[in-house]
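Close look at the chain arrangement
Okay, here's what each chain looks like letter by letter:
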Amino acid sequence: MMCNEHAYVAAIEKLLGIDVPIRAQYIRVMFDELTRILNHLMWLGAHALDIGAMTVFLYAFREREDLMDCYEAVSGARMHATYYRPGGVYRDLPERMPQYRPSKWHSSREVEELNRNREGSLLEFIEDFTERFPGCIDEYETLLTDNRIWKQRTVGIGVVAPERAKALGFSGPMLRGSGVEWDLRKKQPYEVYDRLDFDIPVGMNGDCYDRYLVRIEEMRQSNRIVRQCADWLRANPGPVIAENHKVVPPPREEMKRDMEALIHHFKLFTEGYCVPEGEVYAAVEAPKGEFGAYIVSDGANKPYRVKLRAPGFAHLAAMDEMIRGHMLADVVAMIGTLDVVFGEVDR
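Bear in mind the structure is a predicted one, so any value in this text is a computation, not a measurement.

Some words on the overall build of the protein
Along the backbone of the protein there are 16 helices and five strands. The dimensions of the protein, computed from C-alpha atoms along their principal axes, are 70 × 55 × 35 Å. Taken over 347 residues, the protein has a buried fraction of 50%. Counting contacts in the protein only where the partners sit at least 6 residues apart, residues at least 24 apart contribute 69% of the total. As displayed, the protein offers around 17000 Å² of accessible surface, 54% of which is attributable to carbon and sulfur atoms. In the protein, which carries 44 positive and 54 negative side-chain charges, the distance between the mean positions of the two groups comes to 3 Å.

Written out as structure tokens, the structure reads:
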């Protein structure tokens with residue numbers, strides 16, 4: 001979700017040559033990592049459910065709801081946020097979290113407990129989440145990591161050697177699960193990743209079980225990154241979007257009293273802005289792998305061409321090779337370990 005927005009706006013910013021305020025960079029990185037956790041929770045719950053473990057699905061979606069509330073708090077939408085904008089982010093982090101209200105389903109006492117960690121700002125809510133989330137991951141691992149049935153369904157299934165993984169165009173956890181330490185956040189740092197302390201988990205055997213372990217550890221590392229970003233953001237106020245009004249709409253109060261700001265606003269919302277001629281590719285380490293945006297501009301107010309490089313297409317293309325020699329039941333485990341979304345394949 002927000003990671004996909006990130007690649008697109010990063011490509012536009014490259015063509016325009018505009019700088020993003022440092023606070024906006026930290027906010028982007030924090031939400032990239034919250035998105036990674038959201039993605040891996042969805043993957044873990046669905047993958048486990050496919051193989052026959054139902055409880056994990058309910059546990060994972062319990063935590064997803066908290067993070068969806070963070071999305072909604074900054075953008076007003078649970079999924080299609082449009083929060084990242086060329087030049088920064090739409091607005092600063094809110095000082096108050098939305099709260100539950102009593103209803104015929106929840107009594108006042110229940111609502112008071114539900115709102116216990118929502119009394120403060122979004123940052124305080126996120127900090128509370130980072131403190132309890134490692135314990136939640138421990139719960140998932142208690143259910144699965146040494147579970148005899150889980151290991152029978154995943155160990156030695158869909159083995160891909162490191163060289164073959166690179167040849168097939170794997171990226172993200174699929175590549176790292178095969179033992180290749182490649183992560184754009186470390187190898188080609190963008191935003192403020194080079195200022196943060198985190199590790200890149202790498203598998204050894206290249207099977208479904210290793211890819212599971214890599215994603216579990218990625219959630220722990222993302223939690224570390226989110227906490228570091230939250231600590232920095234609490235201590236460093238500042239602008240969250242560039243002040244170039246040829247690209248970024250002026251503040252609404254300014255538009256009401258300044259004629260020039262009103263003209264900028266009118267032109268931006270009627271014809272948009274023109275991007276210099278050229279071509280650009282920008283990529284981010286999205287939860288499923290390398291997500292890139294290739295944009296060709298002919299100098300008009302709309303791109304001449306946009307090509308999105310989604311990781312799922314390359315991973316699904318390897319399905320035939322990975323499944324050979326296995327049983328039909330292993331197809332389910334294989335599709336689960338690919339973490340594929342058919343929307344990005346079918347487009």
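More follows now that the structure is in view.
Looking at the pairing of strand β4 (residues 289-297)
For β4, a buried count of eight out of nine residues is recorded, marking the element as mostly surrounded by other parts of the structure. Here strand β3 (residues 278-286) runs beside β4; their pairing, made up of nine bridges, is antiparallel. Within β4, the position partnered with Glu-285 by the bridge is Glu-290. The hairpin formed by β3 and β4 contains two residues between the paired strands. Taken together, the five bridges between β4 and strand β5 (residues 305-309) define a ladder with antiparallel strand orientation. Residue Ala-293 lies in a different strand from β5, and its bridge partner there is Leu-308.

Regarding helix α12 (residues 259-271)
Taking 1.5 Å per residue, 13 residues should reach 18 Å; α12 reaches 18 Å between its end C-alpha atoms and fits that length. Here the buried face of α12 lies against α11 (252-257). Looking at the residues trailing α12, positive phi occurs at Gly-272, about 75°.

Describing helix α5 (residues 122-144)
Taking 1.5 Å per residue as the helical rise, α5 with its 23 residues ought to reach 33 Å, and the 32 Å between its terminal C-alpha atoms agrees with that figure. Taken as a whole, α5 carries its principal kink of about 35° at Arg-132; the proline Pro-134 stands between one and four residues after it.

Considerations on the pattern of salt bridges
All told, the structure shown has 29 salt bridges when counted by the stated rule. Between Glu-139 and Arg-62 there is a salt bridge whose closest N-O contact spans 2.8 Å. Of the two residues, Glu-139 sits in helix α5 while Arg-62 sits in helix α3 (residues 55-75), which places them 77 residues apart along the sequence. When its relative accessible area of 32% is taken as the criterion, Glu-139 is described as partly exposed. For Arg-62, a relative accessible area of 38% puts it in the partly exposed group. Here Asp-66 and Arg-132 are joined by a salt bridge, their closest N and O atoms 2.9 Å apart. Here Asp-66, found in helix α3, pairs with Arg-132, found in helix α5; they are 66 residues apart in sequence, far enough to count as distant. A single salt-bridge network, built from bridges that share partners, covers Glu-33, Arg-36, Arg-176, Asp-183, Arg-185, Glu-218 and Glu-285.

Some thoughts on the environment of Met-97
In this fold, Met-97 is placed in the loop between β2 (88-89) and α4 (108-114). For Met-97, a relative accessible area of 2% gives the class buried. Taking the C-alpha atoms as reference points, Met-97 and Arg-118, separated by 21 residues in sequence, lie 5.6 Å from one another. Apart from the residues within four sequence positions on either side, Met-97 is in contact with Asp-69, Ala-73, Arg-118, Gly-120, Ser-121, Leu-122 and Phe-125.

Quick notes on the side chain of Glu-344
As for its position among the elements, Glu-344 is in helix α16 (residues 342-346). Buried and unpaired, Glu-344 has Lys-288 as its nearest opposite-charge partner, separated by 6.2 Å. Reaching out from Glu-344, the side chain makes a polar contact with the backbone nitrogen of Gly-312 at a distance of 2.5 Å.

Quick look at the packing of helix α2 (residues 22-51) against α3
Remark: α2 packs on α3, axes separated minimally by 9 Å, with the N-to-C direction vectors making an angle of 155°. In terms of orientation, α2 and α3 fall into the roughly antiparallel class. Crossing geometry of α2 relative to α3 is assigned as left-handed.

Some thoughts on the side chain of Glu-13
Residue position: Glu-13 is located in helix α1 (residues 2-16). Filtering out sequence-adjacent residues up to four positions away, Glu-13 remains in contact with Ile-18, Val-20, Arg-28, Arg-85, Pro-86, Gly-87 and Gly-88.

Observations regarding the environment of Ala-230
Position of Ala-230 among the secondary structure elements: in helix α10 (residues 208-235). Taking the C-alpha atoms as reference points, Ala-230 and Glu-124, separated by 106 residues in sequence, lie 8.4 Å from one another. In this view, Ala-230 contacts Met-30, Leu-123 and Glu-127; residues no more than four positions away in its chain are not counted.

Each value, and the rule that gives it
Residues numbered from 1 in each chain as written. Predicted model: local features only at pLDDT ≥ 70, side-chain atom pairs only at ≥ 80, totals over all residues. Heavy atoms only, no water. Helix = DSSP H or I, 4+ residues; strand = E, 2+ residues; numbered from the N terminus. Buried < 20%, exposed > 50% of the residue type's maximum accessible area, 1.4 Å probe, protein only. Contact = heavy atoms within 4.5 Å. Areas by Shrake-Rupley, 256 points an atom, 1.4 Å probe, with all protein chains shown as cover. Lys, Arg positive; Asp, Glu negative; His and termini not counted. Charge placed at Lys NZ, Arg CZ, Asp CG, Glu CD. Pairing = 2+ DSSP bridges. Expected span 1.5 Å × (residues − 1). Bend = angle between axes of the 7 residues up to and from the residue. Salt bridge = Lys/Arg side-chain N within 4 Å of Asp/Glu carboxyl O. Polar contact = N/O pair within 3.5 Å; in protein donor to acceptor, adjacent residues only side chain to side chain. Axes fitted to C-alpha atoms, helices over the stretch in contact; angles between N-to-C directions. Parallel < 35°, antiparallel > 145°, perpendicular 65-115°, else oblique. Left-handed = near helix turned anticlockwise from the far one by under 90°.

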